[in-house]
Amino acid sequence: MIKTKKFQLTQKEYFSFIIRILLKKRWWLFAFMWFLTIAILFKDEKDSSDTFLIVFSILYPLVILFQYWRLAYSKENKIIYKERQYEIFSDRIIAYMGEISEGTIDNQNFIKVFELKDLYLLYISKGQCFYFPKRIFESHEDENWFRNEVFLKIKNK
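Not measured: the values here are computed from a predicted model.

*Asks:* Lay out the layout of surface pockets with the relevant residues and their values.
*Replies:* In this structure, the largest pocket occupies an estimated 840 Å³ of space. Counting only elements with at least two residues in the lining of the largest pocket, the list comes to α1 (11–41), α2 (48–72), β2 (84–88), β3 (92–97) and β7 (129–133). Tallying contributions element by element places α1 first for the lining of the largest pocket, with 7 residues.

*Asks:* Residues and numbers for the pairing of strand β6 (residues 119–123), please.
*Replies:* When you tally the buried positions in β6, you get 5 out of 5 residues, the bulk of the element. On β6, burial covers both faces: Leu119, Leu121 and Tyr123 on one face and Tyr120 and Leu122 on the other are all buried. Pairing of strand β5 (residues 112–116) with β6 involves 5 bridges; the strand directions are antiparallel. Opposite Phe114, over in β6, you have Leu121 as the bridge partner. Once β5 ends, the chain turns through 2 residues before running back antiparallel as β6. The pairing of β6 with β7 spans 5 bridges and is antiparallel. Pairing of Leu119 across the sheet is with Pro133, part of β7. Linking β6 back to β7 in an antiparallel pair, the connection comprises 5 residues.

Each value, and the rule that gives it
Residues numbered from 1 in each chain as written. Predicted model: local features only at pLDDT ≥ 70, side-chain atom pairs only at ≥ 80, totals over all residues. Heavy atoms only, no water. 1 Å grid on protein atoms, 1.4 Å probe; cavity = no way out; pocket = protein on both sides within 12 Å on 5 of 7 lines; lining within 4 Å. Points joined across faces, edges and corners; volume = space filled by probe spheres on them. Helix = DSSP H or I, 4+ residues; strand = E, 2+ residues; numbered from the N terminus. Buried < 20%, exposed > 50% of the residue type's maximum accessible area, 1.4 Å probe, protein only. Pairing = 2+ DSSP bridges.

In structure tokens:
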């Protein structure tokens, strides 16, 4: 069993990690759009559909970025930014949020995991996850234990 440090996500951190997840999953779409835009720009004769594709390829990523920014900075998502702490066992995780809220989830209820450079995500549904910034572990040994006993076991099931 390990216990994490108390931590709190900032709006900037949350925005950063949801954008990185989007880019990790959909990089090919944005690359294809930009490749198409560059190809059209070097084309000699352009028609109205070419102009539409160029404008769409520029505006679509900006609209997506704005939507995620609104999500991250919305006042309706205050719960995401509450201080929390976890007790992690090899078969369950106990989450403490604030001073009065506590919840337990069995590791078998996680459906998938995702890792970024500085963050572990454990999903309990398509849109809900537990996030574990790597900075919250007391030591490198605690992080390795979590990775081996929880994260990789869920990933490999």
